[in-house]
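A look at the structure
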Amino acid sequence: MKLIAVLLTALLLTMGCENKDTSGKSSMDEPEIVLMDESTSAGELPTILKENLSATEQDELKKKIMPTLDDGLTPEQRFLNLRKEAEAGNADAQNSLGSMFFSGEAISRDAQGKVKDKDPEAAAGWFYRAAEQGHAGGQFNLALLYFSGEGVEKDTAKAVELFTKSAEQGNIDAQNNLGVIYLMGEGVGQNTAKAIEWFEKAAAQGNEEAIKNLEAVRATYKDSRETAGGQK
């Protein structure tokens, strides 16, 4: 029985986009964690929405779902305004700014003045500020960095703690990730019952990956019980 087990270790949430869906499938018969390598920053359409759309159609979609892009500001002005809000303590802005630094949309330079492709250290700093204020997206994103060891020293226990805080606020991706973590025993004791509990919470909110994970786990349990029963 193949188990869909998706852990979003680089899918960063932006302001107002905390219920973004992603998907991935294992190619093994054993449960597998699939690491998604995509970030969606402010002003950018998620990949799933750009599929099969021409550039013109993408621009039209942006106008429909991202009306703030028609504010007449240049990207530089928009970034400076966002940074000003972040520095003033706005958690949404801090989380979005972190996403921009992670994706490379916000320009950073190294000690030699060379432009970096992305700046996970700066991203972690802004996610930390948002997470400290209890921002579910900031907690989720910082957890991703702790889990993968990008921008911060890898700390699975800290990642689980932050995923839990985010999940308890209803973040469905964090809930699904916790389901995978408990199922695999990554940084915690393996606990299938707890995995199912988190999958159920995310599935109840319509998260497709959690629904698939839940179905797979239950089917595996059923197969295991039937096999055990037949051996008696």
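This is a predicted model, so every value here is computed, not measured.

Right, let's talk about the packing of aromatic side chains for a bit. Following the criterion strictly, the structure yields two aromatic pairs and no others. With centroids separated by 6.3 Å and ring planes inclined at 75°, the aromatic side chains of Phe79 and Phe101 adopt a geometry described as edge-to-face. Highlighted residues: Phe79 in helix H3 (residues 75-87) and Phe101 in helix H4 (residues 91-103), separated in sequence by 22 residues. An identical accessibility class is assigned to Phe79 and Phe101; each is buried. Lying across the ring of Trp126, Arg129 places its NZ or CZ 4.9 Å from the centre. Stacked on the ring of Tyr182, the Lys or Arg Lys194 has its end atom at 5.8 Å from the ring centre.

What follows covers the pattern of salt bridges. What the rule picks out here adds up to five salt bridges. One salt bridge connects Glu150 with Lys118, and the closest N-O pair in it is separated by 3.1 Å. Within this pair, whereas Glu150 is found in the loop between helix H6 (136-148) and helix H7 (156-168), its partner Lys118 is found in the loop between H4 and helix H5 (120-132), the two being separated by 32 residues in sequence. Residue classification places Glu150 among the partly exposed positions, given a relative accessible area of 24%.

Here the focus is H3. In an α-helix, one full turn covers 3.6 residues, which means residues spaced three or four apart are oriented alike. Between its terminal C-alpha atoms H3 stretches 18 Å, which fits the 18 Å expected from 13 residues at 1.5 Å a residue. Of all the positions in H3, only Phe79, Leu82 and Ala86 are classed as buried. Each buried residue of H3 lies within a common arc of 65° when the element is viewed along its axis, so the set occupies one face. Exposed and facing more than 90 degrees away from the buried side of H3 are Glu76, Leu80, Lys84 and Glu87. Buried residues along H3 sit against H4 and H5.

A few words now on the environment of Ala210. For Ala210, the position within the fold is in helix H10 (residues 208-231). For the pair Ala210 and Asn176, spaced 34 residues apart in sequence, the C-alpha to C-alpha distance is 5.5 Å. In contact with Ala210, not counting residues within four places along its chain, are Asn176, Phe199, Ala202 and Ala203.

Reading guide: rules and limits
- Residues numbered from 1 in each chain as written.
- Predicted model: local features only at pLDDT ≥ 70, side-chain atom pairs only at ≥ 80, totals over all residues.
- Heavy atoms only, no water.
- Phe/Tyr/Trp six-rings, centres within 6.5 Å; stacked < 30°, edge-to-face > 60°.
- Helix = DSSP H or I, 4+ residues; strand = E, 2+ residues; numbered from the N terminus.
- Buried < 20%, exposed > 50% of the residue type's maximum accessible area, 1.4 Å probe, protein only.
- Lys NZ or Arg CZ within 6 Å of the ring centre and 35° of its normal.
- Salt bridge = Lys/Arg side-chain N within 4 Å of Asp/Glu carboxyl O.
- Expected span 1.5 Å × (residues − 1).
- Arc of directions from axis to C-beta.
- Contact = heavy atoms within 4.5 Å.

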